Amino acid sequence: MIPALAGVLATPVFAQDKPAYLDPTLPVEQRIDDLLQRMTLEEKVAMVHASGEFRAGSVPRLGVPFLWTADGPQGVREETKLDSWDLAGRTDDYVTAMPVGMNLAASWNPELAVACGKAIGEEACARGKNVMLGPSLNIMRTPLCGRTYDYFGEDPWLTSRMTVGYVKGMQAEQTVACLKHFALNNQEYNRGTVNVEVDERALREIYLPGFEAGVKEGGALAVMGAYNKFRGQHCCHNEYLLNQVLKKEWGFQGAVISDWGGTHDTREAALYGLDLQMGGRAPHDECFLGRPFREGILKGEFPMSVLDDKVRRNLRVLFASGGMDGRLPGSVNTPAHLAISRQVAAEGIVLLKNSTGLLPVDLSRYKSIAVIGENAVLKFAPGHNSAGIKSFKEVTALDGILARVGGAANVQFSKGFRHPEIHWSGKRDHAGVRTSDSNAATPEEAKALTERAIRAARESDLVIFIGGLTHQSFADDEGVDRRDLSLPANQDDLIARLAEANPHIVVVLISGSPVLMPWLEKAPAVLQSWYGGSEAGNALASVLFGDVNPSGKLPCTYPKSLGDEPAHQGGKRTYPGENGTVHYDEGLLVGYRWFDAKNVEPLFPFGFGLSYTTFTYGNLKVIGDGSSTAAVECEVTNSGAREGAEVVQVYVQPKLPSVLRPVKELKGFAKINLKPGETTKIRVPLNGRSFAYYAPEKKGWVAEAGEFGILVGASSRDIRLSGSYTLVGTTLVQ
Ligand code: BGC
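Computed from a prediction, not measured in an experiment: that's the story for all the values here.

Student: Outline the site of the ligand, supporting the account with residue identities and numerical values.
Tutor: Lining the immediate environment of the ligand, one finds 15 residues, of which Asp-71, Arg-147, His-181, Tyr-227 and Asp-259 sit closest. One nitrogen or oxygen atom from the side chain of Arg-77 is found 3.3 Å from an oxygen atom belonging to the ligand. In this structure, an oxygen atom belonging to the ligand sits 3.3 Å away from a side-chain N or O atom of Arg-191. For the ligand, whose accessible area on its own is 310 Å², the fraction buried by protein is 96%. A per-class count over the shell around the ligand returns 6 nonpolar, 2 polar and 7 charged.

Laid out in structure tokens, this is it:
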């Protein structure tokens, strides 16, 4: 080639008139480089803060569109006005409501998490949202946490599996998932200010694995900082959590988004890992990452590289969600989405008790049914603030039962009790009220409601009581914790009296967190249902009447009393905090890890859930050569008369650890469906992390040589097979 022409010919002709960042055939990083060097300082700064309640960015001159975010995580939230929380009053924003996080976790079915994430991703595309603010995956440290319903329970492994599935499903649909709230947002009480002190091992082994898996395995491209502080510094600009752990150690390439109003300082936000400040009001340029940040750069207080890095990360999110090249059309309220919602709802329902075989309800035996309890007629999807959904449809429990029973029995409904209104702004009205005491009925009304319900119970062959919580203040509500674990509005008393009036009683609890059950002895059948989304009532009816065999397992321990809980051993110091700080003195011993270590009998253990059939376990084999790559195999047989699914749980138990370890920890599980008499072999892989603990002094995970028990069971307290595995050497593992 003639040397003088080489440079000219090497440049494709179109590149002269089309900037590289607009060329979808080029690698994304190259496009971002090109775009970045075209932006002015003002344009870059506009990319790192909100430009509306749920909107960020744009650079009109370069054709860079807004980045739209939306809550999350159970579906795409109702539209608000551009610059406020006021509802926009539109009619094109009805969506499918997916069941809440606890419901999804209770299904123990990561494939459903994929399906759920995918469906929400499709709905987000149709609604024009680039980023969904979910999944929510904080660990349930105390069942009082008002947002427990939104999360995946108390165990890091189960949380990780749900998170990875949800993220992968969602991001396959050009919608970026935002893991929240990073990290340690384990209580709502004083969530904006409370400082969390937790030791490094508990941080790494309990509170971070879900996020770590979401980033490393799920590939999540956004993470939301939490409101609270960690070791004295706000989580939305926490040097250690964001710069050191998330970005440096885990290699996170995406954007850290602040929780709404969770940013408090320009310098920290500039330097300690925040990429996008959200929340706040117009003029948005006045926010911490607006004018003050720009001026700081001009004065040389912050290097341009920190701004470039933030813009680059936000652009990755924009590009990944199709923001620059056109997005998938998506779809809302499709039959397929409703079917997924229904399957999640049904698979997450947990059969807690069935001592007389009352369930499934045999409609040839019961000709009159009293459905009692206000939860039977309430809709829950709209009621949980940021996770609230304007659902296209939500089938109530009563409607689901009526539709299923048809003319096969006479169904009468009696309200029985009345919850306080679900109202965000009414929250403070209840200050000081115990959850159990909250009651919308006056004593006279309550008496009349009770009497009518007892009459209905006496007149009927079967009672289906449907109670629980409602997202009302101090009961499964964002921003405030529960005050106690008891059911509100006289329900405990009412259930006991109904059971006396008619022993054929099924108690259905609809809630997002554990409750106490002082009436348990008297109730022959108990189901834990959750806020089950669009198809909740149909899903519940399918379990009640045996079309679906329950296969849900508890994603958290149900205690006999709050005093048994690990976070409630140290007075205010350990919950809700003293002098602005809460100390996680229980360390690693969260949930069943505590109940195991201290030999405390739970009401229902982690992983518990019955079926209408029975399963037997056999032929355990632990396969491996002494290295940390191993596998557990066993056979499971459906030994009953109905088809059903079982969740086979694998716990690993260090026998002689040199450091404190929990008695056993969940490290794998498999959900399998079996016909009556059918046997299948399951295989659960184990790896270095299955055996390892975090060693702060080594800044790494250590799988220590020695013997480990391998416990396979139907719950954390129902171990059916035990074997062992010996690691031959001590290794540092990934
Ligand atoms: C919640 C977040 C939510 C955000 C935006 C905050 O109050 O903690 O989970 O995504 O509001 O609605």
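Student: Break down the side chain of Gln-74 for me, citing the residues and quoting the values.
Tutor: When you line up the elements, Gln-74 lands in the loop between strand E2 (67-70) and helix H4 (101-107). Within the local environment of Gln-74, its side chain forms a polar contact with the side chain of Asp-150, the two groups lying 3.0 Å apart.

Student: Go over the environment of Asn-228, please, and point to the residues and values.
Tutor: Tracing the chain through its elements places Asn-228 in the loop between strand E6 (222-225) and strand E7 (229-230). Judged by relative accessible area, which is 1%, Asn-228 ranks as buried. Along the primary structure Asn-228 and His-419 are separated by 191 residues, whereas in three dimensions their C-alpha atoms are 30 Å apart. For Asn-228, the side chain forms a polar contact with the main-chain oxygen of Leu-184, separated by 3.3 Å.

Student: Can you break down the sheet that holds strand E16 (residues 581-583) residue by residue, with the values?
Tutor: With mixed pairing, the 4 strands of this open sheet are ordered in space as E8-E7-E5-E16. Looking along the sheet, the strands with just one partner apiece sit at the ends: strand E8 (233-234) and E16. Bridge count between strand E5 (residues 195-197) and E7: 2 bridges; the pairing is parallel. By the bridge assignment, Asn-195 is partnered in E7 with Lys-229.

Student: Run through the confidence of the model for the protein, naming residues and quoting values.
Tutor: Averaged over all residues, the pLDDT of the protein equals 95, while 95% of them reach at least 70. Counted against residues more than four places away or in other chains, residues 1-15, with its pLDDT under 50, gives 3 contacts. Under a pLDDT of 50 for its full length, residues 424-431 has, in the predicted model, 15 contacts with residues more than four places off or in other chains.

Student: Before we move on, can you summarise empty space enclosed by the protein with the specific residues and values?
Tutor: Tallied over the full model, the rule gives 5 cavities of 30 Å³ or more. Within this model, the largest cavity holds a volume of roughly 100 Å³. Contributing to the lining of the largest cavity are 17 residues, with Ala-397, Ile-510, Trp-530, Ala-536 and Gly-537 lying nearest its centre. Element by element, the count of residues in the lining of the largest cavity is highest for helix H17 (residues 536-544), at 3 residues.

Student: Lay out the sheet that holds strand E9 (residues 255-257) in plain terms, naming residues and giving numbers.
Tutor: With mixed pairing, 6 strands are arranged side by side in an open sheet as E1-E2-E3-E4-E6-E9. With one partner strand each, in any of the chains shown, strand E1 (55-56) and E9 form the two edges of the open sheet. Bridge count for strand E4 (residues 176-182) against E6 is 3 bridges, and the pairing is parallel. Looking at E6, one finds that Cys-178 is bridged to Ala-222. Along the sheet, helix H6 (residues 156-171) makes contact with strand E3 (131-132) and E4, crossing E4 at roughly 150 degrees.

Student: Explain the pattern of salt bridges residue by residue, including any values.
Tutor: Following the criterion strictly, the structure yields 52 salt bridges and no others. For the salt bridge of Arg-191 with Glu-188, the shortest nitrogen-to-oxygen distance reads 3.2 Å. Residue class for Arg-191 comes out buried when judged on its relative accessible area of 13%. The class for Glu-188 is buried, based on a relative accessible area of 0%. The closest approach of N and O atoms between Arg-689 and Glu-212, which form a salt bridge, is 2.7 Å. With Arg-689 in helix H19 (residues 688-691) and Glu-212 in helix H8 (residues 209-216), this pair connects stretches of sequence that are 477 residues apart. Given the relative accessible area of 22%, Arg-689 is considered partly exposed. Sharing partners across several salt bridges, the network here consists of Arg-147, Asp-150, Glu-188, Arg-191 and Glu-478.

Student: Describe the domain arrangement of the protein, with residues and values.
Tutor: The domain boundaries assigned to the protein delineate domain 1 (3-320), domain 2 (349-553), domain 3 (557-612) and domain 4 (613-733). The distance between the C-alpha centroids of domain 1 and domain 2 comes to 37 Å. Where domain 1 packs against domain 2, one counts 19 residue pairs in polar contact (both at pLDDT 80 or more). For the side of domain 1 that touches domain 2, the class distribution of residues is 17 nonpolar, 8 polar and 9 charged.

Student: Quick one: what's the story with the packing of aromatic side chains, residue by residue and with numbers?
Tutor: What characterises a pair of aromatic rings is the spacing of the ring centres plus the angle enclosed by the ring planes. In the structure shown here, the tally under the stated rule is 20 aromatic pairs. Ring geometry for Phe-182 against Phe-211: centres 5.0 Å apart, planes inclined by 65 degrees, an arrangement best described as edge-to-face. Of the two residues, Phe-182 sits in strand E4 while Phe-211 sits in helix H8, which places them 29 residues apart along the sequence. Under the relative-accessibility criterion, Phe-211 is labelled buried at 1%. With centroids separated by 5.7 Å and ring planes inclined at 50 degrees, the aromatic side chains of Phe-293 and Phe-302 adopt a geometry described as tilted. Like Phe-302, Phe-293 is buried. A network of ring pairs unites the aromatic residues Trp-108, Tyr-592, Phe-606, Tyr-651 and Phe-669 as a single cluster.

Student: So, the pairing of E4: which residues are in play, and what are the values?
Tutor: Most of E4 sits out of view: 7 of its 7 residues are buried. In this structure, E3 lies alongside E4, joined through 2 bridges in parallel fashion. Residue pairing in the sheet places Met-132 in a bridge with Ala-177 of E4. Regarding topology, H6 serves as the crossover connection from E3 to the parallel E4, and that connection is right-handed.

Student: Talk me through the layout of surface pockets; I want residue IDs and the actual numbers.
Tutor: Taken as a whole, the second largest pocket encloses approximately 530 Å³ of empty space. Lining the second largest pocket are 24 residues, with Trp-157, Ser-160, Arg-161, Pro-209 and Arg-689 positioned closest to its centre. Mapped onto the lining of the second largest pocket, the elements with two or more residues apiece are H6, H8, strand E20 (665-674), strand E21 (679-686) and H19. Classifying every residue of the lining of the second largest pocket by side-chain character gives 9 nonpolar, 5 polar and 10 charged. Taken together, domain 1 (3-320) and domain 4 (613-733) each give at least three residues to the lining of the second largest pocket, which thus spans both.

Rules of the game
Residues numbered from 1 in each chain as written. Predicted model: local features only at pLDDT ≥ 70, side-chain atom pairs only at ≥ 80, totals over all residues. Heavy atoms only, no water. Near = heavy atom within 4 Å. Polar contact = N/O pair within 3.5 Å; in protein donor to acceptor, adjacent residues only side chain to side chain. Areas by Shrake-Rupley, 256 points an atom, 1.4 Å probe, with all protein chains shown as cover. Nonpolar A, V, L, I, M, F, W, Y, C, P; charged D, E, K, R; others polar. Helix = DSSP H or I, 4+ residues; strand = E, 2+ residues; numbered from the N terminus. Buried < 20%, exposed > 50% of the residue type's maximum accessible area, 1.4 Å probe, protein only. Pairing = 2+ DSSP bridges. pLDDT = per-residue confidence, 0-100. Contact = heavy atoms within 4.5 Å. 1 Å grid on protein atoms, 1.4 Å probe; cavity = no way out; pocket = protein on both sides within 12 Å on 5 of 7 lines; lining within 4 Å. Points joined across faces, edges and corners; volume = space filled by probe spheres on them. Axes fitted to C-alpha atoms, helices over the stretch in contact; angles between N-to-C directions. Salt bridge = Lys/Arg side-chain N within 4 Å of Asp/Glu carboxyl O. Domains from an automatic or database assignment. Phe/Tyr/Trp six-rings, centres within 6.5 Å; stacked < 30°, edge-to-face > 60°. Right-handed = clockwise from strand over helix to strand, strands pointing away.

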